[in-house]
Amino acid sequence: MTHGKQDLNPPPAADVSLGASAPFQFPAPLRQAQADIQAMLGPRLEKLNAESVRHKALHGVIARIAIAAGTVAVVAAITQLAGASADSVSSAGWAEIIAILLCVMAVVFGVTTSRQLRWLSRRLAAQRCESLQFRALAWPSLWAGDFQSWSAALKSEIPQILDVNSARQIRSWLESEPLPTAPATDISADRQPALQALKDFYARQRIEKQIAYYARSATEHGRRAHTLHHLPSWCFFGSVVLALVHFSLEHFFRERFHALGRWLIVFAAVLPVLGAAFRSWLMAFEFSRSASLYRAKGAALVQFQHKLAQAEGAQVLAVIAECEAYLEDEQREWLRLVAEAEWFG
């Protein structure tokens, strides 16, 4: 899964660099196949990634504005109910009105422009195109020498990937989990160099990069989840403490600390609102569950890495097909997670 990742274009067909290794020429039948994949998927993949990043950024801005403005509106309303001075109430009233307008505008803009749907549809299409550029290199027709059938299958699958633009189509994709294509059962001796090249290419360009991506994403999301995870609970218990202090002041020092007690009850009411805002933020971006998902998928890819290293002959194609099916399943898990999260447009 390549969340927000923009460097998804496949390497040039005739000059592929594997990490620190020197560039090498793909032998037949991979050379022409890789050239066709680059020609058919390269520009589309670049465009889809750019659109996905743009829509994701706008969706994030909408969510932040809706959460922040909604919180300010409720806090301002509580401040007015507390019976502060006339000037303070007037300021709080204007803050409430402006915050409500901002919140409504953000939500309406998000709903009318379908930012979340556009982000998810472009991201899904980009991930499936990325997967296709690797899956296609392991299709049996290519290794059986039937390049015409292979090319036709590639051309027919691309429109199916790009034609997922509605919530109904995304839901339909989530509910279908096809089995990986059976690999070729016999690889001729003259194709063994190409098979070894594919094995090295897939290990470096797919598995290693995905493992590194999952590690970075798990660290980033884990750090954010750790920072925000306990804030809602702290806000709740802080509210209870303030209510207890207010009770003590009102019953034992009412005449002396009446004004302070009034503001204590204001803050006691405000803290749960802030806690709800932090919880909404966590649910909108799913930091904790995303971090857990990334760690689990990264560990699984390490197993695929070892499995591919030990594979020989047609087993290489089988491992690639199995790994791509696993990564597609991971895409479904992530998409279900985001689709079920709090939504702001």
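In this convention, every chain numbers its residues from 1, walking through the sequence in written order. It should be noted that, the model being predicted, local features are given only for residues of pLDDT at least 70 and side-chain atom pairs only at 80 or more, the latter also being counted only at that level, while totals for whole chains, interfaces and linings use all residues. Heavy atoms throughout the structure, all of them, feed into the side-chain values; hydrogens and water do not.

1. A short note on the pattern of salt bridges
At step 1: One speaks of a salt bridge when a side-chain nitrogen belonging to Lys or Arg is within 4 Å of a carboxyl oxygen belonging to Asp or Glu. Taken as a whole, this structure holds eight salt bridges when the rule is applied.
At step 2: Across the pair K297 and E333 runs a salt bridge, and its minimum N-O distance is 2.7 Å. With a gap of 36 residues between them, K297 in helix α10 (residues 287–310) and E333 in helix α11 (residues 314–339) connect regions that are remote in the sequence.
At step 3: Here the salt bridges share partners, and the residues they tie into one network are E130, R206 and E324. Put simply, DSSP marks the helices as runs of H or I at least four residues long and the strands as runs of E at least two long, and each gets a number from the N terminus on.

2. Comments concerning the nonpolar core
At step 1: Side-chain atoms within 4.5 Å are what join buried Ala, Val, Leu, Ile, Met, Phe, Trp, Tyr and Cys residues into a set we call a nonpolar core. Relative accessibility thresholds used throughout: buried, under 20% of the residue-type maximum; exposed, over 50%; partly exposed, between the two (1.4 Å probe, protein chains only). If you look at the biggest cluster of nonpolar residues, it comprises 57 residues, and the most contacted ones within it are L30 and W143.
At step 2: Among the secondary structure elements, those contributing two or more residues to this core are α1 (30–81), α3 (115–135), α4 (140–143), α5 (147–162), α6 (167–174), α7 (192–229), α10 and α11.
At step 3: Among the elements that make up this core, the one with the highest residue count is α7 (11 residues).
At step 4: Ranked by size, the runner-up nonpolar core spans five residues in total, among them A225, L228, L231 and F287.

3. Structural notes on the packing of aromatic side chains
At step 1: Here a pair means two rings of Phe, Tyr or Trp (six-membered ring of Trp) with centres within 6.5 Å. Their orientation is stacked below 30 degrees between planes, edge-to-face above 60, and tilted elsewhere. This structure, assessed with the given rule, holds nine aromatic pairs.
At step 2: With centroids separated by 5.7 Å and ring planes inclined at 85°, the aromatic side chains of F134 and Y202 adopt a geometry described as edge-to-face. Of the two residues, F134 is situated in helix α3 and Y202 in helix α7; the sequence distance between them amounts to 68 residues.
At step 3: The class for Y202 is buried, based on a relative accessible area of 1%.
At step 4: The structure contains a cluster of three or more aromatic residues connected by ring pairs, namely F134, F201 and Y202.

4. Brief notes about helix α8 (residues 231–252)
At step 1: Multiply 1.5 Å by the residue count of a helix minus one, and that product is the helix's expected span. Look at α8: 31 Å from first C-alpha to last across 22 residues, which is about the 32 Å you get at 1.5 Å a residue.
At step 2: Inspection of α8 places L231, P232, C235, G238, S239, H246, L249 and E250 among the buried residues, and these make up the whole buried set. What you see down the axis of α8 is that its buried residues fit within an arc of 115°, all on one side. What points out from α8, more than 90 degrees from its buried face, is the exposed set W234, F237, L244, H251 and F252. Of all possible arcs, the one meant is that of the directions from the helix axis to the C-beta atoms.

5. Observations concerning the environment of G60
At step 1: Looking at the element boundaries, G60 is found in helix α1.
At step 2: Linking G60 and Q116, residues 56 residues apart in sequence, is a C-alpha distance of 9.1 Å.

6. Here's the deal with the packing of α7 against α10
At step 1: Comment: axis = line fitted to C-alpha atoms, over the contacting stretch for helices; angle = value between 0 and 180 degrees taken between N-to-C directions. One can describe the packing of α7 onto α10 by two numbers: an axis separation of 8 Å at closest approach and a directional angle of 155°. Relative to α10, α7 is oriented roughly antiparallel. Crossing handedness for the pair α7 and α10: left-handed. Geometric relationships in this document are graded by angle, where less than 35 degrees denotes roughly parallel, more than 145 denotes roughly antiparallel, 65 to 115 denotes roughly perpendicular, and other angles denote oblique. Each crossing is labelled by how the near helix is turned from the far one, with a counterclockwise turn of less than a right angle marking it left-handed and a clockwise turn marking it right-handed.

7. Comments concerning the side chain of E328
At step 1: Structurally, E328 is set in helix α11.
At step 2: By relative accessible area, E328 is classed as buried at 14%.
At step 3: Whenever two N or O atoms come within 3.5 Å, that pair is a polar contact, provided that in protein one can donate a hydrogen and the other can accept it, and provided that, for residues adjacent in sequence, both atoms are side-chain atoms. At 3.0 Å, the side chain of E328 and the side chain of R332 are in polar contact.

8. Points about the environment of V108
At step 1: Relative to the helices and strands, V108 resides in helix α2 (residues 86–113).
At step 2: V108 sits 46 residues away from I62 along the chain, and the two C-alpha atoms are 9.7 Å apart.

9. With respect to the confidence of the model for the protein
At step 1: You can read pLDDT as the predictor saying how much it trusts each residue, on a scale of 0 to 100. For the protein, mean pLDDT is 78; residues scoring 70 or higher make up 81% of the total.
At step 2: Highest mean pLDDT in the protein belongs to α5 (89); lowest belongs to helix α9 (residues 254–285) (76).
At step 3: Should any heavy atoms of two residues lie within 4.5 Å, those residues are counted as being in contact. Scored below 50 in pLDDT, residues 1–24 shows 70 contacts in the model against residues more than four places distant or in partner chains.

10. Considerations on the environment of L162
At step 1: Within the fold, L162 resides in helix α5.
At step 2: A C-alpha to C-alpha distance of 8.6 Å links L162 and C129, two positions 33 residues apart in sequence.
At step 3: With sequence-adjacent residues up to four places away left out, L162 is seen in contact with R44, L48 and C129.

11. Some words on α7
At step 1: The first and last C-alpha atoms of α7 sit 52 Å apart over 38 residues, in line with the 56 Å expected at 1.5 Å per residue.
At step 2: Two axes enter the definition of the bend at a residue: one is fitted to the seven residues ending there, the other to the seven starting there, and the bend is the angle between them. The largest bend in α7 is about 30°, located at A203.

12. Side note on a nonpolar patch on the surface
At step 1: A contiguous nonpolar surface patch, about 800 Å² in accessible area, is contributed by V61, I65, W94, I97, I98, L101, L102 and M105.
At step 2: Going through the elements one at a time, α1 and α2 are the ones with two or more residues in the nonpolar patch.
At step 3: It is α2 that provides the largest number of residues to the nonpolar patch, a total of six residues.
At step 4: For I98, the position within the fold is in helix α2. Only residues whose relative accessible area exceeds 30% and that take part in no salt bridge are eligible for patches, with like-charged residues grouped when within 9 Å of each other and nonpolar side chains (Val, Leu, Ile, Met, Phe, Trp, Tyr) grouped when within 5 Å. Exposure was quantified through the Shrake-Rupley algorithm and a 1.4 Å probe, taking into account, for residues, occlusion by the shown protein chains and nothing else.

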